[in-house]
Amino acid sequence: MLNIEYMKYLDDELDCLIGKEFNKVAVKNGLTCNYTPFNFIAKENDKIVGIITGHSYYKEVFIADLIILEEYRNKHIGTKLMKTVEDYFKDKGFENINLTTYNFQAPEFYKKCGFEVEFIRKNKENNKLNKYYLVKYFK
């Protein structure tokens, strides 16, 4: 009998399984997936003040989350975390960094970081929930 369970967090073993299965499908299609999660943590005096997470795969880098503690916002920490990701991946054969954000979050911040809007999925009930799809190409 099939049993499906909810897991709030994945452990390293499950992250490894995801990467392994992504790679199997890629190889069957003549591609290299190399699914790799990443996390960069910003600390000030040993206190965590910001986090950026995501994964790289195929020829792209995907940013999943960028969080800056409220009292540390507008101090360029988000910009520094974005630059850290860009610098880390820029010479490793990737074509772009991409991400999504909602209208009420940070589309203007990402534009200032050099991202271009690919498209916006409009929310029919609340424009604060319009979802922006952004990309920045490595040169």
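This text goes with the structure placed above it.
Given the structure is predicted, the values throughout are model-derived calculations rather than measurements.

A. Molecular detail of the overall build of the chain. Each helix and strand in the chain was counted, giving 3 helices and 6 strands. With respect to the principal axes defined by its C-alpha atoms, the chain has extents near 45 × 45 × 40 Å. Contacts in the chain between residues far apart in sequence, at least 24 positions, make up 47% of those at least 6 positions apart. Carbon and sulfur atoms provide 51% of the accessible area of the chain, an area that totals close to 10,300 Å². Measuring between centres, the 22 positive side-chain charges of the chain sit 5 Å from its 20 negative side-chain charges.

B. Expanded view of the packing of aromatic side chains. Summed over the entire model, instances satisfying the criterion amount to 13 aromatic pairs. Aromatic pair Y35 and Y57: ring centres 6.1 Å apart, planes at 90 degrees, arrangement edge-to-face. You can see Y35 sitting in the loop between helix 1 (12-28) and strand 1 (36-44) and its partner Y57 sitting in strand 2 (residues 47-57), a full 22 residues away along the chain. Judged on exposure class, the residue Y35 and its partner Y57 are both buried.

C. Summary view of the nonpolar core. Grouped together as the largest cluster of nonpolar side chains are 24 residues, with contacts concentrated most on I52, I63, L81, M82, V85 and F115. Of all the elements in the fold, those that place two or more residues in this core are strand 1, strand 2, strand 3 (60-68), helix 2 (77-89), strand 4 (96-102) and strand 6 (131-137). Per element, the largest residue contribution to this core is 5 residues, and it comes from helix 2.

D. Local environment of the pattern of salt bridges. Evaluation of the coordinates by the stated rule reveals 6 salt bridges. Here E21 and K24 are joined by a salt bridge, their closest N and O atoms 3.0 Å apart. With E21 and K24 both in helix 1 and 3 residues apart, the pair spans about one turn of that helix. Relative accessible area serves as the criterion here: at 34%, E21 is assigned to the partly exposed category.

E. Focus on a nonpolar patch on the surface. There is a patch of nonpolar side chains on the surface, built from I41, I48, I51 and I67 and spanning about 320 Å² of accessible area. Among the secondary structure elements, I51 is positioned in strand 2. For I51, a relative accessible area of 31% translates into the label partly exposed.

How each quantity is defined
Residues numbered from 1 in each chain as written. Predicted model: local features only at pLDDT ≥ 70, side-chain atom pairs only at ≥ 80, totals over all residues. Heavy atoms only, no water. Helix = DSSP H or I, 4+ residues; strand = E, 2+ residues; numbered from the N terminus. Contact = heavy atoms within 4.5 Å. Areas by Shrake-Rupley, 256 points an atom, 1.4 Å probe, with all protein chains shown as cover. Lys, Arg positive; Asp, Glu negative; His and termini not counted. Charge placed at Lys NZ, Arg CZ, Asp CG, Glu CD. Phe/Tyr/Trp six-rings, centres within 6.5 Å; stacked < 30°, edge-to-face > 60°. Buried < 20%, exposed > 50% of the residue type's maximum accessible area, 1.4 Å probe, protein only. Core = buried A, V, L, I, M, F, W, Y, C linked by side-chain atoms within 4.5 Å. Salt bridge = Lys/Arg side-chain N within 4 Å of Asp/Glu carboxyl O. Patch = residues over 30% accessible without salt bridge, like charges linked within 9 Å, V, L, I, M, F, W, Y side chains within 5 Å.

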